[in-house]
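Spelled out from the first residue to the last, the chains are:
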Amino acid sequence: MRIILVTNGFPPTAFGGVEVYSSDLAKGLAARGHEITVFCRETSDSRSDHEVIDEVLDGIRVVRVVNDFKALTHFRQTYSDENVERLFDDWLVK
C-alpha cells in the first residue's frame, strides 16, 4: 500500500513528539512492506521559503518544504499558506 504521512517536521532535522512518532510510524509501516512518503515542513536559514527538498532516508521518501515565514505579513500565513498548498497539490498528482 502507498501511504503518505503529512507532518510538521521529520528527523533528523526536527525532533519532538510528533516528529519522533511520525518517524517510528513510517519505519514500522515500511518494515511491513508499505511504500511510505513523508511530506513535512523544514526550516533553513540558507534556503528560500517554499524550496522543496526531496530525499530518501532509510528507504522512506521524505519531501520537505522550507517554510520559515520569511515573508510573513499576516498571522493567517502561520497556519494557511497557499504556496505550500499548491506545492502539495502539484506533488500529489505526480
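Our structure is the block above this text.
First things first, this report covers the structure right here in the doc. It should be emphasised that the depicted structure is a prediction, and the values quoted were computed from it without experimental measurement.

## Section: the environment of isoleucine 60
Item 1. Within the fold, isoleucine 60 resides in strand β4 (residues 60–66).
Item 2. Its relative accessible area of 2% is what places isoleucine 60 among the buried residues.
Item 3. Separated by 41 residues in the primary sequence, isoleucine 60 and glutamate 19 place their C-alpha atoms 14 Å from one another.
Item 4. With sequence-adjacent residues up to four places away left out, isoleucine 60 is seen in contact with Ala26, Lys27, Ala30, Ile36, Val38 and Glu55.

## What about the side chain of aspartate 49?
Item 1. Secondary-structure assignment places aspartate 49 in the loop between β2 (35–42) and β3 (52–57).
Item 2. On the basis of relative accessible area, aspartate 49 is assigned to the buried category, the value being 18%.
Item 3. One polar contact links the side chain of aspartate 49 to the main-chain amide nitrogen of lysine 70, over a distance of 2.7 Å.
Item 4. Contact partners of aspartate 49, with chain neighbours within four places excluded, come to Val66, Asn67, Asp68, Phe69, Lys70 and Ala71.

## Remarks on helix α1 (residues 17–31)
Item 1. With 15 residues, α1 extends 21 Å from end C-alpha to end C-alpha; this agrees with the ideal 21 Å at 1.5 Å per step.
Item 2. Three or more residues of α1 are buried, namely Glu19, Ser22, Ser23, Ala26, Gly28 and Leu29.
Item 3. Among the structural elements, β1 (2–7), β2 and β4 are those in contact with the buried residues of α1.
Item 4. Count one or two residues on from α1 and you reach glycine 33, which has phi positive near 95°.

## Re the nonpolar core
Item 1. Counting ten residues, the largest nonpolar core is built from Ile3, Leu5, Phe10, Ala26, Leu29, Ile36, Val38, Cys40, Ile60 and Val62.
Item 2. It is β2 that contributes the most residues to this core, three residues altogether.
Item 3. Excluding its chain neighbours within four sequence positions, the residues that come into contact with alanine 26 are Leu5, Phe10, Ile36, Val38 and Ile60.

## Topic: the pattern of salt bridges
Item 1. Taken as a whole, this structure holds eight salt bridges when the rule is applied.
Item 2. The partner of aspartate 68 in a salt bridge is arginine 41, with the nearest N and O atoms 3.9 Å apart. Taken together, the residues span a long stretch of sequence, with aspartate 68 in the loop between β4 and α2 (82–92) and arginine 41 in strand β2 at a distance of 27 residues.
Item 3. The class for arginine 41 is partly exposed, based on a relative accessible area of 32%.
Item 4. With a closest N to O distance of 3.1 Å, arginine 64 and glutamate 42 form a salt bridge. Of this pair, arginine 64 sits in strand β4 while glutamate 42 is found in strand β2, placing the two residues 22 residues apart along the sequence. Judged on exposure class, the residue arginine 64 and its partner glutamate 42 are both buried.

## Examining the sheet that holds β2
Item 1. Here we have four strands laid out as an open sheet, ordered β1-β2-β4-β3, and mixed in their pairing. If you trace the sheet from one side to the other, it starts and ends with β1 and β3, each paired once. Between one strand and the next, the sheet's axes are offset by a mean angle of 20°, whatever the strand orientation.
Item 2. Taken strand by strand, α1 contacts β1, β2 and β4, and its axis lies near 175° from that of β1.
Item 3. Strand contacts of α2: β1, β2, β3 and β4, with the helix running at about 150° to β4, the strand carrying the most contacts.

Cut-offs used in this document
Residues numbered from 1 in each chain as written. Predicted model: local features only at pLDDT ≥ 70, side-chain atom pairs only at ≥ 80, totals over all residues. Heavy atoms only, no water. Helix = DSSP H or I, 4+ residues; strand = E, 2+ residues; numbered from the N terminus. Buried < 20%, exposed > 50% of the residue type's maximum accessible area, 1.4 Å probe, protein only. Contact = heavy atoms within 4.5 Å. Polar contact = N/O pair within 3.5 Å; in protein donor to acceptor, adjacent residues only side chain to side chain. Expected span 1.5 Å × (residues − 1). Core = buried A, V, L, I, M, F, W, Y, C linked by side-chain atoms within 4.5 Å. Salt bridge = Lys/Arg side-chain N within 4 Å of Asp/Glu carboxyl O. Pairing = 2+ DSSP bridges. Axes fitted to C-alpha atoms, helices over the stretch in contact; angles between N-to-C directions.

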